[in-house]
Amino acid sequence: MPHQLEALKRTIQQHEDWRLGECLNLIPSENRGSDLMKSMYLTDFGNRYTAPDRFYRGTRYADELVAQTQEIARKVFNARYADVSLLSGHVANAAVLLALTRPGDRVASTSPDDGGYPGISQDGLGGLLGLQNVYFPYDRAAVGVDLAGSVELLKSEKPAVAFFGASHIVFPYPVRRLSDAAEGVCVYDGSHVLGLIAGGEFQDPLREGCPILIGSTHKSLPGPQGGIILSNNEEAFEAVSGKVFPGVVDNVHLNRVAALAVSLIEMQEFGKQYAQAVVKNAQALANALAAEGVNVRGAGQGYTRSHQVLLDYDQARLKPLSVRLEQANIIVDEAGRVGTAEATRMGYGPGEMEAVAELMAMVILGKKAPDFVQKKVKTLVKQFQQPRFVL
Ligand SMILES: Cc1ncc(COP(=O)(O)O)c(C=O)c1O
């Protein structure tokens, strides 16, 4: 065997042994796919093309697969239209902005400084497309946009597109009130909370005034990495979906679509139970962390109604904290977001969340060395090796 191949196999094995077998994965952007979902990556669909213009022959089953997946997506999200060909949530954002804005237009969203998605800011698509980003005033104590100020901003700035949803998101957005005030198109970026929306938890943007719901399919939704566009509004959907092929997507990645279909069927079967368990776990974790003396945002509102718990330390402190947590095999990002979607998927309940909080607190408050905590984390993780809520 060429030595590169041996090295490659070793790297993959080491990653899986460590991240799956020994780590407590608490990144809210990640999740664990079922074995059935993962098996879909390995079929022949991963080597085939199809395209909406019917350029390729031999696509009868590929086209059936896409149609079936869109049908399931429409059911899960109670939407008239679905496009499952997006390669990621970011690509879905690109389709939205290409369809609904012209250079110079204003786009409203939550500022990256307040947990908004940086990919649509001047550093990302906003800058690339010559747009002007305007940001909703934010109420830090309430961990959400300031409603009156945001209504005022929508009226005075008249953005072409208003994005609701964010990367740091613990409470629902006041979508109905904001969409009533908006003259442009309201888009809910549900990348983080899509699994909760699928399970009927958190909020229901398509029925609260957003003609378009987009998102990643792999954060709280335990699907393959990818993106989706959902809508009940023909005109808005046609416009956004019209930028997909041959604009932001050429090749649909059919094996990913098949994997998405599996996770959507899982959501149909178990979505409600799963989403409720995710939120319950997040609340249990937040309460237990606070009881341990860890600073958690949103105390006045019960900490969280999503899959996220936000640690309340300044950025200069959060980064080294995330490094120390990693030394203890507790994996979070360096913004202090802690997610319960993957742990819930692996069968952790509120009791285990208390144990997790205790372990995190040992590291965060410097009560124990990371090596000491790492041993306890490994013992805990070994007990939760099979995804739940699976077919
Ligand atoms: C709110 C939001 N939208 C979009 C994205 C991009 O998603 P993806 O990684 O699927 O491109 C992210 C990424 O974390 C996000 O937080």
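Treat the numbers as computed from the prediction; the structure is a model and nothing was measured. The numbers attached to residues start from 1 for each chain and follow its sequence in the written order. pLDDT decides what is reported in this predicted model: residues at 70 or higher carry local features, side-chain atom pairs at 80 or more are listed and counted, and totals for whole chains, interfaces and linings draw on all residues regardless. Hydrogens and water are ignored here; the side-chain numbers use all heavy atoms of the structure.

## Regarding the nonpolar core
For the record, the criterion: Working definition of a nonpolar core: buried Ala, Val, Leu, Ile, Met, Phe, Trp, Tyr and Cys residues. They are joined through side-chain atoms within 4.5 Å. Exposure categories follow from relative accessible area, calculated using a 1.4 Å probe and restricted to protein chains: below 20% of the type maximum is buried, above 50% is exposed, and the middle band is partly exposed. Secondary structure elements are taken from DSSP: a helix is a run of H or I of four residues or more, a strand is a run of E of two residues or more, and numbering for both begins at the N terminus. Residue ranges assigned to each domain were obtained from an automatic or database domain assignment. Whether two residues are in contact is decided by their heavy atoms, any of which lying within 4.5 Å being enough.
In terms of nonpolar packing, the biggest core is built from 59 residues, with Phe77, Phe164, Tyr188 and Leu230 touching the most fellow members. The element contributing the most residues to this core is helix α11 (residues 254-292), with eleven residues. A domain split of this core shows at least three residues from each of domain 1 (38-264) and domain 2 (269-382). Not counting residues up to four positions away in its chain, the partners in contact with Leu230 are Ala73, Phe77, Ala79, Tyr81, Ala82, Leu206, Pro211, Ile212 and Leu213. Listed in part, the 38 residues of the second largest apolar core include Met346, Met353, Val363 and Ile364.

## A look at the site of the ligand
What counts here: Any residue with a heavy atom lying within 4 Å of a molecule or strand is counted as near it. Pairs of N or O atoms are called polar contacts if they sit within 3.5 Å, as long as, within protein, a hydrogen donor faces a hydrogen acceptor (for residues adjacent in sequence, only side-chain-to-side-chain pairs). Areas reported as accessible are Shrake-Rupley estimates using a 1.4 Å probe. Residue values count occlusion only from the protein chains shown.
In the vicinity of the ligand lie 13 residues, with Gly89, His90, Ser167, Asp189 and Ser216 positioned nearest. Gly89 places a main-chain nitrogen or oxygen 2.7 Å from an oxygen atom of the ligand. Here Ser167 contributes a side-chain N or O atom positioned 2.7 Å from an oxygen atom of the ligand. For the ligand, whose unbound accessible area comes to 390 Å², protein coverage reaches 83%. Top contributing element to the shell around the ligand by residue count: helix α4 (residues 89-100), with three residues.

## Remarks on the side chain of Thr340
Inspection of the secondary structure puts Thr340 in the loop between β13 (337-339) and α13 (341-345). In this view, Thr340 contacts Val278, Asn281, Ala282, Leu285, His307 and Met353; residues no more than four positions away in its chain are not counted.

## Observations regarding empty space enclosed by the protein
We apply this condition: Two kinds of site are reported from a 1 Å grid over the protein atoms alone, namely cavities, where a 1.4 Å probe fits but cannot get out, and pockets, open sets with protein on both sides within 12 Å along at least five of seven lines, and residues are called lining when an atom falls within 4 Å of a point. Grid points are joined across faces, edges and corners, and a volume is the space filled by probe spheres set on the points. Three categories are distinguished: nonpolar for Ala, Val, Leu, Ile, Met, Phe, Trp, Tyr, Cys and Pro, charged for Asp, Glu, Lys and Arg, and polar for the others, with Gly belonging to the last.
Inspection of every chain in the model, using the stated rule, returns three cavities of 30 Å³ or more. Along its surface, the largest cavity is lined by Leu20, Cys23, Leu24, Asn25, Arg32, Glu342, Ala343, Met346, Tyr348, Val381, Phe384 and Gln385. Elements with a minimum of two residues in the lining of the largest cavity: β1 (24-25) and α13. Class assignment for the residues of the lining of the largest cavity results in eight nonpolar, two polar and two charged. As for the second largest cavity, its lining consists of Ser109, Thr110, Gly116, Tyr117, Ile120, Phe163, Gly165, Ala166 and Asp189. Residues belonging to the lining of the second largest cavity are distributed by class as follows: four nonpolar, four polar and one charged.

## Quick notes on helix α15 (residues 370-382)
Spelled out, the test is: Expected span of a helix, by definition, is 1.5 Å for each gap between consecutive residues, and there is one gap fewer than residues. The arc in question is formed by the directions pointing from the helix axis toward the C-beta atoms.
In this model α15 runs 18 Å from its N-terminal to its C-terminal C-alpha over 13 residues, within 8% of the 18 Å that 1.5 Å per residue would give. Within α15 the residues assigned to the buried category are Pro370, Val373, Gln374, Val377, Leu380 and Val381. Buried residues along α15 cover an arc of 125° about the axis, so they all sit on one side. In α15, the exposed positions angled more than 90 degrees off the buried face are occupied by Asp371, Lys375 and Lys382. Of the surrounding elements, those touching the buried residues of α15 are α1 (3-21), β1, α12 (315-327), β12 (330-331) and α14 (350-364).

## Topic: the layout of surface pockets
In this structure, the largest pocket spans a volume of roughly 600 Å³. Forming the walls of the largest pocket are 20 residues, and the residues nearest its centre are Asn31, Arg32, Gly33, Lys38 and Gln225. Among the secondary structure elements, those contributing two or more residues to the lining of the largest pocket are α1 and α2 (35-39). Top contributing element to the lining of the largest pocket by residue count: α1, with four residues.

## Some thoughts on the sheet that holds strand β2 (residues 81-83)
Heads up, the condition is: The pairing criterion is simple: DSSP has to find at least two bridges between the two strands. To define axes, lines are fitted to C-alpha atoms, for helices over the stretch in contact only, and angles between the resulting N-to-C directions are given on a 0 to 180 degree scale.
As summarised here, the arrangement of the seven strands in space is β2-β10-β9-β8-β7-β3-β4, forming an open sheet in which the pairing is mixed. What marks the edges here is a single partner per strand, and that holds for β2 and β4 (132-135). Neighbouring strand axes in the sheet, compared pairwise and without regard to direction, differ in orientation by 20° on average. Relative to strand β9 (residues 212-216), strand β8 (residues 185-189) runs parallel, the two sharing three bridges. Each bridged residue has a counterpart across the sheet, and for Val187 the counterpart in β9 is Ile212. Those strands touched by helix α9 (residues 234-241) are β2, β9 and β10 (227-231), and its axis lies near 10° from that of β2.

Taken by themselves, the reported measurements are silent on function.
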